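Observations on chain architecture
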Amino acid sequence: MAPVVYRLIDGNFLRSLCESLSQEIGFEFWAALDWTYITKGDRTFIYDSLPAKKPSQSDTEFQANFDARLADLDRLRRLPNVFVKDGFSRFRKKVGQEQKGVDILLATDAILFAHRGIADELHIYTNDLDFFPVFEALQSTSCRGRLFHSPEKPPNDLLPFTDSAEAVRINLLLEACGVGWGHSNSIYTLGAGVAGETPFLVGESIHSGAFEMRFYSIERSFEVKYFINSRCEFLITKSPVLAYGIAEKFMKNVPAMLLSTLRGFLSKP
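Residues numbered from 1 in each chain as written. Predicted model: local features only at pLDDT ≥ 70, side-chain atom pairs only at ≥ 80, totals over all residues. Heavy atoms only, no water.

Considering the packing of helix α8 (residues 240–250) against helix α9 (residues 258–267)
When two helices pack together, their arrangement is given by the angle between the helix axes and the distance between those axes. One way to put it is that α8 packs onto α9 with a least axis distance of 9 Å and a crossing angle of 145°. Considering how the two elements wind past one another, α8 and α9 form a crossing that is right-handed. Contacts between α8 and α9 involve Pro240, Val241, Ala243, Tyr244 and Ala247 from the former and Leu258, Leu259, Leu262, Arg263 and Leu266 from the latter. Per-class residue counts for the contact of α8 with α9 are nine nonpolar, no polar and one charged. (Axes fitted to C-alpha atoms, helices over the stretch in contact; angles between N-to-C directions. Helix = DSSP H or I, 4+ residues; strand = E, 2+ residues; numbered from the N terminus. Left-handed = near helix turned anticlockwise from the far one by under 90°. Contact = heavy atoms within 4.5 Å. Nonpolar A, V, L, I, M, F, W, Y, C, P; charged D, E, K, R; others polar.)

Spelled out as structure tokens, the structure:
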């Protein structure tokens, strides 16, 4: 029998991750997410808050921002198997927007679900080191705590307290938006460039054969070659995130810090 999984998502963490990818690619991730792909039919709890007013905001700007977040939370509440729990926010000059009560709501639910025995696994999506007591408490229960964290900045001090941990893969978000590999409207097909000679990354494809990636400084683009069923495929993109996504999808061992390396190529003159 499959384990009963409850998903507990720090909304600010996942939304911020989507926003950072959106800025690089120019595609709106958060609004396009198919949550049934994220939840896999499991009961899912999203912990978020309404924004506080910034000193620099006019009343009109704040109200528009507030209404947009409220509408977004209402949209999430209507999804099957998804439940939204919201705290409140305040704005601090040196910190910025700060959620209050959200972490406590998530932590309390995690402990309750585990001790009531209604879940075999808790999949917790966050990058917040403050959740280490939650994962430590789960160790005294039969419920396993699995962490889903940022692919670029994993909370390394939190990892020892978890039963297991993995990054929220770029490909997971692309596929959840219906623009991942294999989709007819895949954004992997964007970009332009020309062929070159020397690969700066060579590895093994999961389908056997070599995996190669090249960067062309004049065109500011990446060319990626990989194998599917012994057939060589390639594509060209100007986005380091998409180049990384292809490596993540088709390369057996993705080098650590690869994404930051790809971004570094674009920053060089």
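Still to come is the rest of the account.
Quick look at the pairing of strand β2 (residues 43–49)
A large share of β2 lies buried, amounting to six of its seven residues. Judged from the five bridges that link them, strand β1 (residues 5–10) and β2 form a sheet pairing that is parallel. Pairing of aspartate 10 across the sheet is with tyrosine 47, part of β2. (Buried < 20%, exposed > 50% of the residue type's maximum accessible area, 1.4 Å probe, protein only. Pairing = 2+ DSSP bridges.)

Some points on the packing of helix α1 (residues 11–25) against α8
Contact geometry for α1 and α8: axes closest at 8 Å, N-to-C directions at 115°. The orientation of α1 relative to α8 falls into the category roughly perpendicular. Side by side, α1 and α8 meet where Leu21, Glu24 and Ile25 of the first sit next to Pro240, Val241 and Leu242 of the second. Of the residues assigned to the contact of α1 with α8, the class counts are five nonpolar, no polar and one charged. (Parallel < 35°, antiparallel > 145°, perpendicular 65-115°, else oblique.)

Taken by themselves, the reported measurements are silent on function.
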